[in-house]
Amino acid sequence: MNFKSLALFLTAAAVPQAVVAGPLAYTICQTGCNCLAVACYSAAGFTFGVLIPGVTPAAIMACNVGLGTCMAACAAIAFGPTP
């Protein structure tokens, strides 16, 4: 390998590259959202995923709105650049 190629390689390796976080960041974010939703349901006295259809308390509806907002933020993270 000549000096010019080595210098080019070392320069390219030293410069931080921006990458898209993709599935890993999205998965971590969704896991965090679901953990918060489970905590919200527990605080309201319910088990996450176990409800009687048509009889949903306001506290659970608030948990669901929060979960939806969090999941929407995760979608933005999936396409954002990560240094």
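The following paragraphs examine the structure supplied in this document. Please read these numbers as outputs of a predicted model, since none were measured by experiment. (Residues numbered from 1 in each chain as written. Predicted model: local features only at pLDDT ≥ 70, side-chain atom pairs only at ≥ 80, totals over all residues. Heavy atoms only, no water.)

A closer look at the environment of Ala 25
By the element assignment, Ala 25 lies in helix 2 (residues 22-43). Separated by 54 residues in sequence, Ala 25 and Phe 79 place their C-alpha atoms 9.5 Å apart. (Helix = DSSP H or I, 4+ residues; strand = E, 2+ residues; numbered from the N terminus.)

Re helix 3 (residues 58-79)
Compared with the 32 Å implied by 1.5 Å per residue over 22 residues, the 33 Å span of helix 3 between its first and last C-alpha is a close match. Of the positions making up helix 3, those classed as buried are Ile 60, Cys 63, Leu 67, Cys 74 and Ala 78. Relative to the axis of helix 3, the buried residues are bounded by an arc of 60° and lie together on one face. Those residues of helix 3 that are exposed and angled more than 90 degrees off the buried face are Ala 58, Val 65, Thr 69, Ala 76 and Phe 79. (Expected span 1.5 Å × (residues − 1). Buried < 20%, exposed > 50% of the residue type's maximum accessible area, 1.4 Å probe, protein only. Arc of directions from axis to C-beta.)

Overview of the state of the cysteines
This model, assessed by the stated rule, comprises three disulfides. Paired by a disulfide, Cys 29 and Cys 74 hold their sulfur atoms 2.0 Å apart. Because the torsion about its S-S bond is -85°, the bridge between Cys 29 and Cys 74 counts as left-handed. Pair noted here: Cys 29 is in helix 2 and Cys 74 is in helix 3, with a separation of 45 residues, a long-range link. (Disulfide = S-S within 2.5 Å.)

So, the packing of helix 2 against helix 3
Each pair of packed helices can be described by the angle between their axes along with the distance between the axes. Between helix 2 and helix 3, the least distance of the axes is 9 Å, while the angle of their chain directions is 170°. Judged by the angle between their axes, helix 2 and helix 3 are roughly antiparallel. Contact with helix 2, carried on its side by Gly 22, Ala 25, Tyr 26, Cys 29, Gln 30, Cys 33, Asn 34, Ala 37, Cys 40 and Tyr 41, involves Ile 60, Cys 63, Asn 64, Leu 67, Cys 70, Met 71, Cys 74, Ala 75, Ile 77 and Ala 78 of helix 3 and no other residues of that element. Across the contact of helix 2 with helix 3, the residue classes tally to 16 nonpolar, four polar and no charged. (Axes fitted to C-alpha atoms, helices over the stretch in contact; angles between N-to-C directions. Parallel < 35°, antiparallel > 145°, perpendicular 65-115°, else oblique. Contact = heavy atoms within 4.5 Å. Nonpolar A, V, L, I, M, F, W, Y, C, P; charged D, E, K, R; others polar.)

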